[in-house]
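# Topology and contacts: notes
Read off the chains here:
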Amino acid sequence: MIAVDGTRVRQNKALAWGAEEALAPDPDPAARIRELTGGMGCDCAIELSGNYRALHEATRAVGADGTVVAAGFYQGGAAPLRLGEEFHHNRVQILASQIGSVPNRLRTRWSVPRLEQTVIASIASGALDAASLVTHRFDIADAAKAYELLDNNPESALQTVLEFR
């Protein structure tokens, strides 16, 4: 597994969770991924940031017949995303991922309860340590402080939780 993230704390977390490499997004992460995979590219890229430039790099990073899972929330114009070059040449499939539902093509095998049970079992067994991703907790009354932290020092936060008591 190869991770790409702009913050060192997230790169370190990816390495701790088993990534073989953790790259910064600049200058050309797709070229570096191709280099690390002997020119093959990765089989699957999961794009979580919601950034169109990152989605474009993911389409460049996967190899022939590769899959990109677009799990970020994309808004506005998609000018940095180019669906020429590697996208067409490599027959890249882009799948939209959405939390809280199961794609129609998987519903015969997966239901929302099965998906939820699988995640809960992974957490209960220790295979998934979701709690370690939470680096900051704020009472909802202090939400402004949480946003200030994220604006001024995003490198310090993996996951910030607003608590309602």
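Model, not experiment: these values are computed from the prediction. Position labels on residues start from 1 in each chain and follow its written sequence. pLDDT decides what is reported in this predicted model: residues at 70 or higher carry local features, side-chain atom pairs at 80 or more are listed and counted, and totals for whole chains, interfaces and linings draw on all residues regardless. As a rule here, side-chain values come from all non-hydrogen atoms in the structure, and water together with hydrogens is ignored.

## Digging into the pairing of strand 3 (residues 42–47)
To keep things clear, this is the line we draw: When DSSP finds at least two bridges between two strands, those strands are taken to pair. Under the scheme used here, helices are H or I runs from DSSP no shorter than 4 residues and strands are E runs no shorter than 2 residues, and both carry numbers assigned from the N terminus. The path from the first strand over the helix to the second decides the hand: if it runs clockwise while the strands point away from the viewer, the crossover is right-handed.
The sheet contact formed by strand 3 and strand 4 (residues 62–70) spans five bridges and is parallel. Paired with Cys44 across the strands is Thr67, a residue of strand 4. Handedness of the crossover is the feature at issue here: the chain leaves strand 3, passes through helix 3 (residues 52–61), returns alongside strand 4, and the resulting connection is right-handed.

## Some thoughts on the packing of aromatic side chains
To describe a pair of aromatic rings, you give the distance between the ring centres and the angle between the ring planes. For clarity, the cut-off: Note on aromatic contacts: the rings of Phe and Tyr and the six-membered ring of Trp form a pair at centre separations within 6.5 Å, being stacked when their planes are under 30 degrees apart, edge-to-face when over 60 apart, and tilted otherwise. Buried, partly exposed and exposed residues are distinguished by accessible area as a fraction of the type maximum, computed with a 1.4 Å probe on protein chains only: under 20%, between the cut-offs, and over 50%, respectively. The criterion is that NZ of a Lys, or CZ of an Arg, lies within 6 Å of the ring centre and within 35 degrees of the ring normal, and then a charge sits over that ring.
Applying the stated criterion to the full structure yields one aromatic pair. Taking the centre distance of 5.3 Å and the plane angle of 40° together, the rings of Tyr52 and Tyr74 count as tilted. Of this pair, Tyr52 sits in helix 3 while Tyr74 sits in the loop between strand 4 and helix 4 (85–89), and the two are 22 residues apart along the sequence. Like Tyr52, the residue Tyr74 is buried in the burial classification. When the ring centre of Trp110 is taken as origin, the NZ or CZ atom of Arg114, which lies over that ring, is 3.6 Å away.

## Focus: the sheet that holds strand 3
The following threshold applies: Working convention: axes come from line fits to C-alpha atoms, limited for helices to the stretch in contact. Angles between N-to-C directions cover 0 to 180 degrees. Contact between two residues is taken to exist if any of their heavy atoms lie within 4.5 Å; hydrogens are not considered.
If you trace the three strands from one edge of the open sheet to the other, you get 3-4-5, paired in parallel fashion. Because the sheet does not close on itself, it has two edges, and the strands there are strand 3 and strand 5 (93–96). If you compare each strand with its neighbour and ignore which way they point, the axes differ by 15° on average. Contacting strand 3, strand 4 and strand 5, helix 3 runs over the sheet at an angle of about 150° to strand 4.

## Topic: the nonpolar core
Stated formally: We call a set of buried residues a nonpolar core when its members are Ala, Val, Leu, Ile, Met, Phe, Trp, Tyr or Cys and they connect through side-chain atoms within 4.5 Å of each other.
Cys42, Ala45, Leu55, Val62 and Val68 are the most contacted members of the largest nonpolar core, which totals 16 residues. Where this core is concerned, the elements lending two or more residues are helix 2 (29–36), strand 3, helix 3 and strand 4. At four residues, the largest contribution of residues to this core is made by helix 3. Ignoring any residue separated from it by four or fewer positions in sequence, one finds Leu55 in contact with Glu47, Val68, Ala70, Tyr74 and Leu81.

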